[in-house]
Amino acid sequence: MINTELEKYIYEEVVPRYREFDDAHKEDHALTVIAQAMHLLEGRDEWVSSHECTDPFWLTAVDENMLLAAAACHDLGLVNGRDNHHLDSGVIIRSDSRLAQWFTPEQIEVIAQAAEDHRASGKGSPRSIYGMIVAEADRVRGRTARSHACRESGFTVSELDALTSVFIKYKVIKKRV
């Protein structure tokens, strides 16, 4: 179950930071990665249970709150430019005192590592299931993300547009000009 105070912080304070980034990394990108990460978690749980999976990595319990934070914060390092944004995101996550309200230092470290490990051009594999999920969720972009989100969520394009309008209305995201 997602902590409502964390959720409020993510949607009212973290996601709006994406307004300042390049066109491929605006608020809709953050929202798409969050939605995809949660969807992948749901799909993973269904797959594991239906395939009698015994691999310890895939059986690792995933905290939805940690996944929400990792997905939402994965690109915050873009504030310092693109080159090292994944590493800068980790620094930003580790220094975010608000996250300490909901997470232990160990959990914050896992969230930061997930952001550091999400980059497609990264040299190694993600260090945790959180990094794997966020990296995969981040690979869906632009129109592909929208059509994929519709297909996977069961929402029609109109319903997705209506949901986006609600986010804009309540100032969760800013309408693009």
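Here, the structure is the one placed above.
Each chain carries its own residue numbering, running from 1 in the direction its sequence is written. With the structure being a predicted model, the display of local features is reserved for residues of pLDDT at least 70 and the display and counting of side-chain atom pairs for 80 or more, all residues being used for whole-chain, interface and lining totals. Where side-chain values are given, they derive from all heavy atoms of the structure, hydrogens and water being excluded.

Novice: Looking at this structure, how should I read helix α1 (residues 4–14)?
Specialist: It helps to recall that an α-helix has 3.6 residues per turn; residues three or four apart then point in one direction. Among the residues making up α1, those that are buried are Leu6, Tyr9, Ile10, Tyr11 and Val14. The backbone nitrogen of Glu5 lies 2.8 Å from a side-chain oxygen of the residue at the head of α1, namely Asn3. Partly exposed describes any residue whose relative accessible area lies between the buried limit of under 20% and the exposed limit of over 50%, with all areas from a 1.4 Å probe on protein chains only and scaled to the type maximum. Under the DSSP-based scheme used, a helix requires at least four consecutive residues in state H or I and a strand at least two consecutive residues in state E, with every element numbered from the N terminus. N or O atoms within 3.5 Å of each other form a polar contact, as long as, within protein, one can give a hydrogen and the other can take it, and as long as residues adjacent in sequence are counted only when both atoms are side-chain atoms.

Novice: Would you mind showing me how to read the nonpolar core here?
Specialist: The nonpolar side chains of a soluble globular protein tend to be buried, and buried together. Counting residues in each nonpolar core, the largest one holds 39 residues, and the members touching the most others are Leu6, Ile10, Ile34, Leu67, Ile93, Leu99 and Phe103. Of all the secondary structure elements, the ones that give two or more residues to this core are α1, α2 (27–50), α4 (64–73), α6 (105–117) and α7 (129–138). In terms of residue count, α4 provides more of this core than any other element does, eight residues in total. Throughout, nonpolar core names a set of buried Ala, Val, Leu, Ile, Met, Phe, Trp, Tyr and Cys residues whose side chains join them through atoms within 4.5 Å.

Novice: Honestly, the packing of aromatic side chains in this entry has me stumped. Any pointers?
Specialist: Pairing of aromatic side chains requires ring centres within 6.5 Å, counting the rings of Phe and Tyr and the six-membered ring of Trp. Pairs whose planes differ by under 30 degrees are stacked, by over 60 edge-to-face, and all others tilted. A complete count under the given rule lists two aromatic pairs for this structure. A centroid spacing of 5.3 Å and a plane angle of 75 degrees characterise the contact between Tyr18 and Phe21, whose relative ring orientation is edge-to-face. Since its relative accessible area comes to 9%, Phe21 is described here as buried.

Novice: What exactly am I supposed to notice about α6 here?
Specialist: Expected helix span is taken as 1.5 Å per residue step, with the number of steps being one fewer than the number of residues. Over its 13 residues, α6 runs 18 Å from end to end, which matches the ideal 18 Å to within 8%, given 1.5 Å per residue. Restricting attention to buried positions, one finds in α6 the residues Ile108, Ile111, Ala112, Gln113, Ala114, Ala115, Glu116 and Asp117. Note on contacts: a residue pair qualifies if any of its non-hydrogen atoms lie within 4.5 Å across the two residues. Of the surrounding elements, those touching the buried residues of α6 are α4, α5 (85–95) and α7.

Novice: Would you mind showing me how to read the environment of Tyr9 here?
Specialist: As for its placement among the helices and strands, Tyr9 is situated in helix α1. On the accessibility criterion, Tyr9 (3% relative accessible area) is buried. Taking the C-alpha atoms as reference points, Tyr9 and Ala69, 60 residues apart in sequence, are found 9.7 Å from one another. Discounting chain neighbours no more than four positions away, the residues touching Tyr9 are Val14, Arg17, Asp96, Arg98, Leu99 and Trp102. There is a polar contact of 2.5 Å between the side chain of Tyr9 and the side chain of Asp96.

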